[in-house]
Amino acid sequence: MRRRLPMALSALVVWVLVGCSTATGAAPTASAPGANQADITFSQQMVPHHQQSIQVANLAAERSASEYVKATAAKIVKAESAEVQTMTAWLQSWNAAVLPAAGHAGHAMPGMITEGQVASLQNLTGAEFDKTWLPLMAEHLRNGVTMAKTVLSSGEHAETKALAQEIVENQSAAIDEITAQLP
């Protein structure tokens, strides 16, 4: 009996840890009506992705020389702030972890701008800032479109899929506009 108890406890711990873990660290719960793991993962990854977009867009207000860049950045901040609130509320209602941008090992998640790129932007102003910001933001938005397309094909939550479709449409249009501004 003494040998079986530690083994049984070890097996139980392993079962709980394996059964409750996923690639994102949070398992879907019974309180996630109409949502599957793809929906949860999408929101868990898109929230920090959007938070980083907002961070980088906010730099434009103080560093950019271009009215176009400042206006584009303001649109990004407004749209993505609202989307972060929506996705955060979903995650909370699903009892899933809400991961802050800093929770992604300093920009290590695919699709994120690197720490070095952010630092570079923080050290630039004027036309040099704009020349660096435009292609960097276009690529960041492209990565968001890819994430949204993934959940469109594998998600189940109707509201998540509707938001993902909006992201695909709006960010694709923004990418086209940004690309047109590049030399």
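Residues numbered from 1 in each chain as written. Predicted model: local features only at pLDDT ≥ 70, side-chain atom pairs only at ≥ 80, totals over all residues. Heavy atoms only, no water.

Within an unreviewed UniProt entry, the label attached to the protein chain reads DUF305 domain-containing protein, and the organism entered is Amycolatopsis oliviviridis.

*Asks:* Account for the nonpolar core, with residues named and values stated.
*Replies:* Core analysis: the biggest nonpolar cluster contains 44 residues, and Phe42, Phe129, Trp133 and Met137 have the highest contact counts within it. With 11 residues, the top contributor of residues to this core is helix α5 (residues 126-154). Once residues within four sequence positions are removed from consideration, Phe42 is found in contact with Met87, Met147, Ala148, Val151, Thr160, Ala164 and Ile167. (Core = buried A, V, L, I, M, F, W, Y, C linked by side-chain atoms within 4.5 Å. Buried < 20%, exposed > 50% of the residue type's maximum accessible area, 1.4 Å probe, protein only. Helix = DSSP H or I, 4+ residues; strand = E, 2+ residues; numbered from the N terminus. Contact = heavy atoms within 4.5 Å.)

*Asks:* Talk me through the pattern of salt bridges; I want residue IDs and the actual numbers.
*Replies:* Per the stated rule, a full pass over the model turns up three salt bridges. Between Arg63 and Glu62 there is a salt bridge, with the nearest N and O atoms lying 3.9 Å from each other. The exposure class of Glu62 is exposed, given its relative accessible area of 61%. Across the pair Glu139 and Arg142 runs a salt bridge whose closest N-O atoms are separated by 2.9 Å. Of the two residues, Glu139 and Arg142 are both situated in helix α5; the distance of three residues between them amounts to about one turn of the helix. Classification of Arg142 as partly exposed rests on a relative accessible area of 34%. (Salt bridge = Lys/Arg side-chain N within 4 Å of Asp/Glu carboxyl O.)

*Asks:* Describe the packing of aromatic side chains, naming the residues involved and giving the relevant values.
*Replies:* A full pass over the atoms with the stated rule returns one aromatic pair. Seen from their ring centres, Trp90 and Trp94 are 6.2 Å apart, and the 25 degrees between their planes marks the pair as stacked. Given a relative accessible area of 14%, Trp90 falls into the buried group. Residue Trp94 is classed as buried on the basis of its relative accessible area, which comes to 2%. (Phe/Tyr/Trp six-rings, centres within 6.5 Å; stacked < 30°, edge-to-face > 60°.)

*Asks:* Account for the environment of Ser153, with residues named and values stated.
*Replies:* Within the element layout of this structure, Ser153 appears in helix α5. Classification of Ser153 by relative accessible area gives exposed; the value is 65%. Note: C-alpha distance between Ser153 and Ala38 (115 residues apart in sequence) is 9.3 Å.

*Asks:* Would you mind going over the environment of Glu80 in detail, with residue names and values included?
*Replies:* Mapping Glu80 onto the fold places it in helix α3 (residues 67-93). Glu80 sits in the buried class, given a relative accessible area of 3%. Ignoring sequence-local partners within four residues, the contact set of Glu80 consists of His50, Ser53, Ile54, Leu141 and Gln171.

*Asks:* Account for the environment of Gln44, naming residues and giving values.
*Replies:* You can see Gln44 is positioned in helix α2 (residues 37-63). Judged by its relative accessible area of 0%, Gln44 is buried. Separated by 53 residues in the primary sequence, Gln44 and Ala97 have C-alpha atoms spaced 7.2 Å apart.

*Asks:* Describe the packing of α2 against α3, and please don't skip the residues or the numbers.
*Replies:* Running from N to C, α2 and α3 point in directions that differ by 150 degrees, and their axes come no closer than 8 Å. Considering the angle they form, α2 stands roughly antiparallel to α3. Two packed elements cross with a definite hand, and for α2 against α3 that hand is left-handed. The residue inventory of the contact of α2 with α3, partitioned by class, reads 16 nonpolar, eight polar and three charged. (Axes fitted to C-alpha atoms, helices over the stretch in contact; angles between N-to-C directions. Parallel < 35°, antiparallel > 145°, perpendicular 65-115°, else oblique. Left-handed = near helix turned anticlockwise from the far one by under 90°. Nonpolar A, V, L, I, M, F, W, Y, C, P; charged D, E, K, R; others polar.)

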